[in-house]
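# Descriptive analysis of the structure
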Amino acid sequence: MKIKNIVAFIAILLTPVIANAQRIKQSINTSWQFHKGSDENETAPDYWQTINIPHTWNADDVMDDTPGYFRGIGWYQKEIFLPKGWTGKTIYVYFEGASQLAEVFINGKSVGTHAGSYLAFSFDITKQVHEGKNILRVKLDNSHDPDIAPLGGDFSVYGGLYRDVYLLVADANHFDMDNYATNGVFISTPQVSEDNATVNVKGKVNAFQKVKIITTVYDRKGIQVAKTDSRPNKDGSFVANIKGIKSPQLWSPEHPNLYKVVNTLTDAKTGKVLDEVTNPLGFRWFSFNADKGFSLNGEPYKIMGASRHQDYKEIGSALPDALHINDVQWLKDMGGSFLRVSHYPQDPAIMEACDRLGILTAVETPGNNQVTESEGYTRTMLNMQCEMIRQNYNHPSVIIWSYMNEVLIQPLHKEKTLEREQYWKNLHNLAQKLENLCREEDPARFTMVAFHGDFDLYKRIGLIDIPMIAGWNLYQGWYSGKFEDFETFVLRHHNEFPEKPLIISEYGADADYRLHNFKPTRFDKTQEYTNMYHDAYLKTIMKYTFISGAIMWNLVEFVNEGRQEAVPHVNNKGLLTTERKPKDIYYIYKALLSKVPFIKIGGSNWNSRAQVADAGKEATATQPVTVYSNQAEVTLFANYMKVGTQKVVNGKAVFDVIFGNGDNHLKAVASNNEEDFATINFHVIANNLKVKNNPFTTLNVSLGDYRMFMDDITHEAWVPEQEYTPGSWGYIGGKVYKEDEKGDRYGSSRNILGTPYDAMYETQRTGLNSFKADVPDGVYEVTLHFAELLTKEQQEKLVYNLDKSAVAQKNSFTGRSFDVIINGFTILENLSNENYLVPIQAYNTKITVTVKDVKGITIDFKTNRGEAILNGLQLRKIY
Ligand code: GCB
Ligand code: CA
């Protein structure tokens, strides 16, 4: 036999042995039957719906206009077929996660229950199954349950079988399969340095004969670096201590050198392989210090990263693995080094990607907003904490175990009562129990609790003393206050808790991808405000070494069904949208953090824009264009002409660009010749609407608004309102609507029903007399947009409040009614709350108007009762 043939022959001999000895992990995701609801009328036609897993029953109802989403019972069932070859094997059904209370049945018999949406569980079904067809059924319930976290929080608790389901098939002799759905082997590195490392492997086997456990360590290239044998103790437990791994290749975000540990269970006499499991291994050491911050492998290391929720536009929480992995890649490409896996443990694919790509992580259980003071809640909380630690123990990416997020924000007892004091005590006790559990389970990691900005309260209750790291979720200059308050806050922590390492566990501001303002203000939801917010925070974050790191809230936008605002149901703090379109803030971070040469023209996704022409001009308008880069200098060209060359400061350079009508071509070149291109379609609105060199076409105005809005579906570009001047267009009279008269925020914060253009409907001019546009003669379509922004309750409150004062009767809100008259012709008579102006409901109407005799368009608002309103106006010249 030639050598090649001998190798092939040996391979043939060996392969079946190895293949048979491996555990089989086989997904069973396709062709499930699903039924929503608990009624048992199974014979009804269409009772079952055929679906694949991952699946959630809430993908649609978290986004629709009806308040609330289905939180109740759902049933899943599937036929599973067992081959003859599995006779005598041990068979488990394994769920990566299911939301949230699960009961699993095999052939009609219950095999177990599990509480909690976010961690894996498995059941031994060996005795319940037989060769051939078996029926697997899962009952799930995502009802609010006082014993199961999360009890509250800014996200949705999607129900369903939303992660992979597997069958695990092993030899009767196997590594422990009954330890919180782990593979029964736990790896740690008690000592690591550049020269030398130790690996400690602990585990348990279930063996009915004399066995031996072989532990083999391979480096990232697959070369064996250590091998050792162990024998199990009487109870099946075993230990393997591998000392003296020379010059280990360290694991870090920059160099995620991943080793692996293969544990093989063999028959002691024959050497036959019975079972085998593989786990990741990374050599790194790290610490957190209250003054010096975080250090990795002996070097100071500023953690910069983001949090991430596990949902996606239109598919809810039921993501295929590839979408999970993509998110880690987005973070990596940005130059991020850290993922706060929050507010709950996520798909195993996320953790594996972090190991592989080099992303440090903190993982947390979903103890959000409040706790229940019951034994049941304590039990499930401790159980989840234990599941989380054991299931993720072997990931080198994990450096922090966390529990409780903003847990003092929504106390069960609202009033300052004795009950509330007792509640704080109980909560403190629970935190201490969770802390103790983390330290017992895993002394090698740090612990963290994320607090909200109520420093005094956390201090008084003693919660800051418990975890090893204090995480602060800070939103100064967003929900309230000013940017400067952020620095004051972190300095206060450092002063009052000089021994306690600190991490900024959250910071961020909402931005509706479609909204822009070059002079942004707090809470206007523009991308520009978000950019400003992060700029301000970054100054402080980088200034102090005691800030171990900063974790942006959030890598991606996510769904909280109850949220209203510019994009209803969505928290818009993501660097990426729910469908993973990057906002400029993503590129700002990339310019600052990524080491890969990078250049990007800011606002390139804002590709349909409109603006009034520059003063004294009619067909051109100037806007700043920011170029993001990590190179020294950038040059910008607009429409093939050089705009200028500038030094890059803090990742950016700003140029003034003169835009003309139609497509404008931008090109940016960095000093290393890296290039980026963008095409921006621009509509310059002439100051004088009758000028020849820029004839009138369209005008989209959002009243009561200072922002520009791009409709990313129709590509219509909306401009903010302006006051009328002769020859031009604008409102006459009235004022900008504010929910809170004294506040700095304009517009409403409500979900406007019946429209995707919430931002435009949320803003409004009230009490206006007219709107005029001095357009040339022709045939026009005028669209008027209205929404009553005062809800029924607000209307009633207004009456009530004013009743208390002297001017009560005169000013009380008794609803509104007005006529709309275009060029002297009444087109809406008595538009009122009794007809189309239903609170927070969008209403619009299109009217065709013929303009003659150079009169332009005048829209008058004649009030009968209350004040007239106008939310938006579109003007389009047809002929
Ligand atoms: C927080 C919470 C997080 C919210 C965030 C926000 O502090 O921890 O769950 O989503 O604020 O955007 O309000
Ligand atoms: Ca508006």
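Residues numbered from 1 in each chain as written. Chains lettered and ligands numbered in written order. Predicted model: local features only at pLDDT ≥ 70, side-chain atom pairs only at ≥ 80, totals over all residues. Heavy atoms only, no water.

As recorded in an unreviewed UniProt entry, the protein goes by the name Beta-galactosidase, listed as coming from Flavobacterium rivuli WB 3.3-2 = DSM 21788. One UniProt comment on the protein, placed under Sequence similarities (unreviewed entry), says "Belongs to the glycosyl hydrolase 2 family." (UniProt positions renumbered as here; feature names shortened; annotations may be inferred.)

So, on to the nonpolar core. A general trend in soluble globular proteins is that nonpolar side chains are found buried together. Counting residues in hydrophobic clusters, the biggest one holds 100 residues, and the most contacted among them are M404, W472, Y507 and Y589. Per element, the largest residue contribution to this core is 8 residues, and it comes from helix α5 (residues 418-441). A domain-level breakdown of this core finds at least three residues from each of domain 1 (3-175) and domain 2 (286-367 + 392-411 + 437-593). One finds I685, L699, A717 and L837 within the second-largest nonpolar core, a separate group that totals 38 residues. (Core = buried A, V, L, I, M, F, W, Y, C linked by side-chain atoms within 4.5 Å. Buried < 20%, exposed > 50% of the residue type's maximum accessible area, 1.4 Å probe, protein only. Helix = DSSP H or I, 4+ residues; strand = E, 2+ residues; numbered from the N terminus. Domains from an automatic or database assignment.)

This part takes up the UniProt feature "domain: DUF4982" (unreviewed entry) in the protein. Mapped onto the present numbering, the UniProt feature "domain: DUF4982" (unreviewed entry) falls at residues 623-675. In residues 623-675, helix accounts for 0% and strand for 74%; the two terminal C-alpha atoms are 21 Å from one another.

The feature "domain: Glycoside hydrolase family 2 catalytic" (unreviewed entry), as given by UniProt, occupies residues 291-596 in the numbering adopted here. Taken end to end, residues 291-596 is 37% helix and 19% strand, and its two terminal C-alpha atoms sit 30 Å from one another.

A few words on the site of ligand 1. Taken together, 13 residues are adjacent to ligand 1, and D154, H343, E406, Y479 and K573 come closest. Between ligand 1 and Y479 there is a distance of 2.4 Å, counted from an oxygen atom to a side-chain nitrogen or oxygen. Side-chain polar atom of E506 to an oxygen atom of ligand 1: 2.7 Å apart, as the coordinates give it. (Near = heavy atom within 4 Å. Polar contact = N/O pair within 3.5 Å; in protein donor to acceptor, adjacent residues only side chain to side chain.)

A separate point is the environment of Q249. Here Q249 lies in the loop between β16 (237-246) and β17 (259-267). Residues Q249 and D219, spaced 30 residues apart in sequence, show a C-alpha to C-alpha distance of 8.3 Å. If we ignore the near neighbours within four places in the chain, the residues touching Q249 are D219, R220, N257, Y259 and F283. (Contact = heavy atoms within 4.5 Å.)

Scanning the entire structure with this criterion turns up 2 cavities of 30 Å³ or more. Of the volumes computed, that of the largest cavity is approximately 100 Å³. Along its surface, the largest cavity is lined by 15 residues, and S156, Y158, Q310, S317 and Y344 are the ones closest to its centre. Looking at the lining of the largest cavity residue by residue, the class counts come to 8 nonpolar, 6 polar and 1 charged. (1 Å grid on protein atoms, 1.4 Å probe; cavity = no way out; pocket = protein on both sides within 12 Å on 5 of 7 lines; lining within 4 Å. Points joined across faces, edges and corners; volume = space filled by probe spheres on them. Nonpolar A, V, L, I, M, F, W, Y, C, P; charged D, E, K, R; others polar.)

S702 (OG), L703 (O), M760 (O), T763 (O), T763 (OG1) and N871 (O) make up the full set of protein donors to the calcium ion (ligand 2), lying at 2.2 to 2.7 Å. Every donor residue of the calcium ion (ligand 2) comes from the same chain, spaced as S-L-x56-M-x2-T-x107-N. One end of the pair, S702, is in strand β41 (residues 698-702); the other, N871, is in the loop between β53 (869-870) and β54 (872-877), with 169 residues separating them in the sequence. Here the two residues S702 and N871 agree in accessibility, since each one is buried. (Donors = N, O, S within 2.8 Å, 3.2 Å for Na, K, Ca; no water.)

Another aspect to go through is the pattern of salt bridges. Under the definition given, this model contains 32 salt bridges. In this structure, R460 and E421 form a salt bridge, with 3.2 Å as the shortest nitrogen-oxygen distance. Residue R460 is found in helix α6 (residues 455-461), and its partner E421 is found in helix α5; the two are separated by 39 residues along the sequence. Since its relative accessible area comes to 52%, R460 is described here as exposed. Judged by its relative accessible area of 33%, E421 falls in the partly exposed class. K583 serves as the salt-bridge partner of E557, at 2.7 Å between the closest nitrogen and oxygen. A residue pair is termed long-range when its members are at least 10 positions apart, and E557 in the loop between β30 (547-552) and β31 (558-559) and K583 in the loop between β32 (570-571) and α9 (584-593) qualify at 26 residues. Comparing E557 with K583 shows no difference in burial state: the two are buried. Here the residues in one salt-bridge network are D154, D510, R563 and K573, joined through shared partners. (Salt bridge = Lys/Arg side-chain N within 4 Å of Asp/Glu carboxyl O.)

Applying the stated criterion across every chain yields a total of 0 disulfides. C354 carries a free sulfur, and the closest cysteine sulfur to it, the one in C438, is 19 Å from it. The class for C354 is buried, based on a relative accessible area of 0%. Cysteine C438 remains unbridged, with the sulfur of C386 as its closest cysteine sulfur at 9.7 Å. (Disulfide = S-S within 2.5 Å.)

Pairing is antiparallel across the open sheet formed by 4 strands, whose spatial order is β1-β10-β5-β8. A strand with exactly one partner marks an edge of an open sheet, and here the two such strands are β1 (24-27) and β8 (121-124). Here the strands of the sheet are splayed against their neighbours by 25° on average, with no regard to which way each runs. One ladder, built from 4 bridges, connects β1 with strand β10 (residues 165-170); its direction is antiparallel. Within β10, the position partnered with I24 by the bridge is V169. (Pairing = 2+ DSSP bridges. Axes fitted to C-alpha atoms, helices over the stretch in contact; angles between N-to-C directions.)

Another aspect to go through is the layout of surface pockets. The space that makes up the largest pocket amounts to roughly 1100 Å³. The wall of the largest pocket is formed by 43 residues, among which K25, N183, T278, N279 and E352 lie closest to the centre. Elements that contribute at least two residues to the lining of the largest pocket include exactly β5 (90-95), β10, β12 (185-192), β17, β18 (273-281), α2 (321-334), α3 (348-357) and α4 (375-392). Top element by residues in the lining of the largest pocket is β18. It accounts for 5 residues. Tallied by class, the residues present in the lining of the largest pocket amount to 19 nonpolar, 11 polar and 13 charged. When residues of the lining of the largest pocket are assigned to domains, at least three map to each of domain 1 (3-175) and domain 2 (286-367 + 392-411 + 437-593).

Time to look at the packing of helix α7 (residues 484-496) against helix α8 (residues 527-543). One can describe the packing of α7 onto α8 by two numbers: an axis separation of 9 Å at closest approach and a directional angle of 25°. Here α8 runs roughly parallel to α7, going by the angle between their axes. The way α7 lies across α8 gives a crossing that is right-handed. Here α7 contributes F486, E487 and V490 to the contact with α8, which in turn contributes Y537, T540, I541 and K543. The class makeup of the residues in the contact of α7 with α8 is 4 nonpolar, 1 polar and 2 charged. (Parallel < 35°, antiparallel > 145°, perpendicular 65-115°, else oblique. Left-handed = near helix turned anticlockwise from the far one by under 90°.)

With that out of the way, let us pick up α8. Taking 1.5 Å as the rise per residue, α8 with 17 residues should run 24 Å; its terminal C-alpha atoms sit 25 Å apart, in good agreement. Contacts from the buried residues of α8 go to β22 (303-308), α7, β29 (515-516), β30, α9 and β35 (620-629). (Expected span 1.5 Å × (residues − 1).)

So, on to the environment of Y69. Tracing the sequence through the fold places Y69 in the loop between β3 (49-51) and β4 (73-82). For Y69, a relative accessible area of 18% corresponds to the buried category. Separated by 376 residues in the primary sequence, Y69 and R445 have C-alpha atoms spaced 38 Å apart. Apart from residues no more than four positions distant in its own chain, Y69 is found in contact with N58, D61, V62, S156, V157 and E561.

Moving on: the sheet that holds strand β49 (residues 817-822). With antiparallel pairing, 5 strands are arranged side by side in an open sheet as β44-β47-β52-β49-β50. Strand pairing shows two members of the sheet lacking a second neighbour, β44 (729-732) and β50 (825-832), which therefore form its edges. Between one strand axis and the next, the sheet turns by 15° as a mean value, whatever way the strands run. Across 4 bridges, strand β47 (residues 770-773) lies against strand β52 (residues 857-865) in antiparallel orientation. In the strand pairing of β52, F771 is matched with I859.

Topologically, Q623 is positioned in strand β35. A polar contact is formed between the side chain of Q623 and the side chain of Q611, at a distance of 2.8 Å. If we skip the residues at most four places from it in the chain, Q623 touches F518, W606, R609, Q611, F655, D656, V657, F659, F682 and M708.

Of the consecutive residues A149 and P150, the connecting peptide bond is found in the cis state with omega at 5°. For P150, the location among the structural elements is in the loop between β9 (132-141) and β10. With an omega of 0°, the peptide bond running from S342 to H343 counts as cis. The phi angle at D853 is positive, at roughly 55°, despite the residue not being glycine. The exposure class of D853 is exposed, given its relative accessible area of 56%.

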